[in-house]
Amino acid sequence: MTDSDVRSLYLNQIRRDLTRYGMDQLVPVGWPLGMRASVGWLVWLPFLKKRNLMLVRKRPFDQHARDFGMDWPVDAETMIGMQRLVSLQNCVETVLADDIPGDLVECGVWRGGASILMRAVLAAYEDETRCVWLADSFEGVPRPDAANYKADKLPWYAMGLHRAAPVLAVSEAEVRANFERYGLLDDQVRFLPGWFKDTLPNAPIDRISVLRLDGDLYESTIQALDALYPRLSPGGFCIIDDYNLQGCRQAVADYRAKHEISAEISKIDQCGVLWRK
Ligand SMILES: C[S@@+](CC[C@H](N)C(=O)[O-])C[C@H]1O[C@@H](n2cnc3c(N)ncnc32)[C@H](O)[C@@H]1O
């Protein structure tokens, strides 16, 4: 078996573990399936979480859903599914092979799974020069700031992602513990806790080779692009996870128009896209 075979086996196993591939889905009661706001966000999840309880419904493994990040397995470290993980691995491997300078950054990490994969790729290729940066409030998505970001204005009947804190707020300690479980928590993993508007403009990151944006809102996407895209090296990848969401797509369109970015946008799956600078 060659080194390349061993690397590929390791990274394949990491992706399967991060997505709980092949395992039945346990759907917590009150889980916002299909992003539908539910009274469960407000009542059931906080009530059960406080008592350290989880009420789940069991569903058989659905390969299509797990491939495309459509089922958010209750205990998996990522919600983005196998296709977007494969693509992310490919981006990191490409910047290593092409010697594109810069660190790897994820804005919006949730339980940390996508960032864990990026760290695993560095480990597999014995790269000790680059860091993986994790930017997150660790408190969930901010309340929409419709005065400054019209695209995030909610219709009267919508509850908004900020109310999904029982699902989306994962503490920094939990994310660190997830890295630890994979044996990947070390000095090459760096945390930027806080709201993007406060942490990203002065983040101590010099150059970036992979920039992964997964903050759902217009506000979160535009703030990350404004602060970090200028630091993305030529040949680096800009990955947008939430291109299926109207606000995020609008932020990408506005930023690209303002900066006359014409690099072709490639589709990863039904949600994610990327382009190369
Ligand atoms: C959809 S989840 C990220 C999923 C994750 N990348 C994965 O692999 O499963 C969105 C994350 O973005 C964070 N977030 C969204 N907007 C933010 C902002 N403006 N500042 C800080 N964190 C933000 C939330 O706390 C949440 O953890």
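Residues numbered from 1 in each chain as written. Predicted model: local features only at pLDDT ≥ 70, side-chain atom pairs only at ≥ 80, totals over all residues.

Peer 1: Lay out the packing of helix α5 (residues 81-97) against helix α6 (residues 113-124) in plain terms, naming residues and giving numbers.
Peer 2: One way to put it is that α5 packs onto α6 with a least axis distance of 10 Å and a crossing angle of 35°. The handedness of the crossing between α5 and α6 is right-handed. On the side of α5, the interface is formed by L85, L88, Q89, V92 and E93, while α6 contributes A114, L117, M118 and V121. Classifying every residue of the contact of α5 with α6 by side-chain character gives 7 nonpolar, 1 polar and 1 charged. (Axes fitted to C-alpha atoms, helices over the stretch in contact; angles between N-to-C directions. Helix = DSSP H or I, 4+ residues; strand = E, 2+ residues; numbered from the N terminus. Left-handed = near helix turned anticlockwise from the far one by under 90°. Contact = placed C-beta atoms within 7 Å. Nonpolar A, V, L, I, M, F, W, Y, C, P; charged D, E, K, R; others polar.)

Peer 1: Give me the lowdown on unusual backbone geometry, citing residues and values where you can.
Peer 2: Although it is not a glycine, D99 sits at a positive phi angle of roughly 55°. Here D99 is to be found in the loop between α5 and β3 (103-107). Overall, D99 belongs to the exposed group, with 9 C-beta atoms counted inside 10 Å. Look at W110: it is not a glycine, yet its phi comes out positive at around 55°. Of note, W110 is situated in the loop between β3 and α6. Of the residues examined, W110 has 25 C-beta atoms within 10 Å and is grouped as buried. (Buried ≥ 20, exposed ≤ 12 C-beta atoms within 10 Å, placed from the backbone.)

Peer 1: Can you lay out the nonpolar core for me, pointing to particular residues and giving the numbers?
Peer 2: In this structure, V105, L117, M118, V210, L211, I239 and I240 are the most contacted members of the largest nonpolar core, which totals 66 residues. Residue contacts for I240: discarding those within four places in its chain leaves L213, C248, V252, G272, V273 and L274. (Core = buried A, V, L, I, M, F, W, Y, C linked by C-beta atoms within 7 Å.)

Functional significance is not addressed by these values, which are geometric in nature.
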